[in-house]
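Summary of the model geometry
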Amino acid sequence: MNGGVVIVGGGFGALEVALALKAVDRRIAVSVISSETAVVYRPWLIRVPAGRSQPPVIPSARLLARARVAVIAGRAATAHLELRRLILDSGREVEYDQLVVATGAAADRDRVPGAREHALFPCDLGDAAEFATRVSAGSAHVAVVFGWERPGPGLEYAAWIAAHSPGVKVTAIDGDDTMARRFGGKATARVRTLFEQRGAQLITAGRVRRIGDGTVELDGSAVAADLIA
């Protein structure tokens, strides 16, 4: 192998692949291309808006160095697959024998019209911190829209705030009929009961069509809120 294995990404996927390859055979040349030196433990982010501590941070650069994985600071701009060569944003070229792309998933801020301008996306660290700040500053009504490919985090955010911020009214809104399609009527009824026991509301009727300035617009109705995620 000339360029060895090159991994693009700075999150858990890139870290785990690199360390696993070295565990199999330390002679494998492994390089990670990333502008990050640490990984935020994102599952912890659901706690942040409810006033809990900041998420743990894993020192990925230190772990990679200890495993003798080369870390190349930068971002991949172009991949020439036929030449097995990456071009970084700095213009540097990196050759590889095997390429792994583990860049993770970015929040789709344009999935719902108006969401980019009027909603927070607390699966990103910066938005999670702002979410927590605005809840603690007195946002009286928080609406959390969930659904699509990953409904779990949205439900968890809403549930955590309802359970740990008793002065905040929480409305969890099913954005695309996720509850009916994935969980069925019995599970949906149980989740609704759990929310109501905490003074919160679960809305599952009508798809979300638009996020406005302080409103979530559904089919034939709208929900007003001080803060929307």
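Every chain's residues receive numbers from 1 upward, in the order its sequence appears when written. Local features in this predicted model are restricted to residues whose pLDDT is 70 or higher, and side-chain atom pairs enter the listing and the counts only when it is 80 or higher, whereas totals over whole chains, interfaces and linings include all residues. Only hydrogens and water are set aside when side-chain values are computed; all heavy atoms of the structure are taken into account.

**Points about the pattern of salt bridges**
When a carboxyl oxygen of Asp or Glu is within 4 Å of a side-chain nitrogen of Lys or Arg, the pair counts as a salt bridge. Tallying each qualifying case throughout the model produces 14 salt bridges. The residue Asp25 makes a salt bridge to Arg27 at a minimum N-O spacing of 3.0 Å. Residue class for Asp25 comes out partly exposed when judged on its relative accessible area of 22%. Here Arg210 and Glu217 are joined by a salt bridge, their closest N and O atoms 3.7 Å apart. Partly exposed describes any residue whose relative accessible area lies between the buried limit of under 20% and the exposed limit of over 50%, with all areas from a 1.4 Å probe on protein chains only and scaled to the type maximum. Judged by its relative accessible area of 30%, Glu217 is partly exposed. Shared partners join several salt bridges into a network, and the residues in it are Arg42, Arg109, Asp124 and Asp127.

**Examining the sheet that holds strand 7 (residues 85–88)**
Taken in spatial order, the three strands make up an open sheet running 6-7-8, and their pairing is antiparallel. Because the sheet does not close on itself, it has two edges, and the strands there are strand 6 (76–80) and strand 8 (93–95). Along the sheet, successive strands turn relative to each other by an average axial angle of 25 degrees, direction set aside. Two strands are counted as paired when DSSP detects at least two bridges linking them. Only runs of H or I of at least four residues qualify as helices and only runs of E of at least two qualify as strands under DSSP, and these elements are numbered from the N terminus. Every axis in this analysis is a line fitted to C-alpha atoms, fitted for helices over the stretch in contact. Angles between the N-to-C directions lie between 0 and 180 degrees.

**So, the sheet that holds strand 9 (residues 98–101)**
If you walk across this open sheet you meet the four strands as 5-2-1-9, and the pairing is parallel. Each edge of the open sheet is held by one strand with a lone partner, namely strand 5 (70–73) and strand 9. Recorded for the sheet is a direction-independent mean angle of 20 degrees between the axes of neighbouring strands. Sheet topology places strand 1 (residues 5–8) next to strand 2 (residues 30–34); four bridges connect them, and they run parallel. Note that in strand 2 the partner of Val5 across the bridge is Val30.

**Brief notes about the packing of helix 5 (residues 151–164) against helix 6 (residues 178–197)**
For the pair helix 5 and helix 6, the least separation of the axes is 14 Å and the interaxial angle reads 10 degrees. By the criterion of interaxial angle, the relationship of helix 5 to helix 6 is roughly parallel. For the pair formed by helix 5 and helix 6, the contact residues are Pro151, Leu155, Ala158 and Ala159 on the first element and Thr178, Met179, Arg182, Phe183, Val191 and Phe195 on the second. Partitioning the contact of helix 5 with helix 6 into residue classes produces eight nonpolar, one polar and one charged. Roughly parallel covers angles under 35 degrees, roughly antiparallel covers those over 145, roughly perpendicular covers 65 to 115, and oblique covers all other angles. Here a residue-residue contact requires only that any non-hydrogen atoms of the pair lie within 4.5 Å. We call Asp, Glu, Lys and Arg charged. Ala, Val, Leu, Ile, Met, Phe, Trp, Tyr, Cys and Pro are nonpolar, and the rest, Gly among them, are polar.

**A short note on the nonpolar core**
Grouped together as the largest cluster of nonpolar side chains are 25 residues, with contacts concentrated most on Phe131, Val142 and Val170. Elements with a contribution of two residues or more to this core: helix 4 (125–136), strand 10 (141–146), helix 5, strand 11 (169–174) and helix 6. Looking at which element gives the most residues to this core, the answer is helix 5, with five residues. Residue contacts for Val170: discarding those within four places in its chain leaves Val142, Ala158, Ile161, Ala162, Ala200 and Gln201. Among buried residues, the Ala, Val, Leu, Ile, Met, Phe, Trp, Tyr and Cys ones that are joined through side-chain atoms within 4.5 Å form a nonpolar core. Listed in part, the 15 residues of the second largest apolar core include Ala119, Ile173, Ile211 and Ile228.

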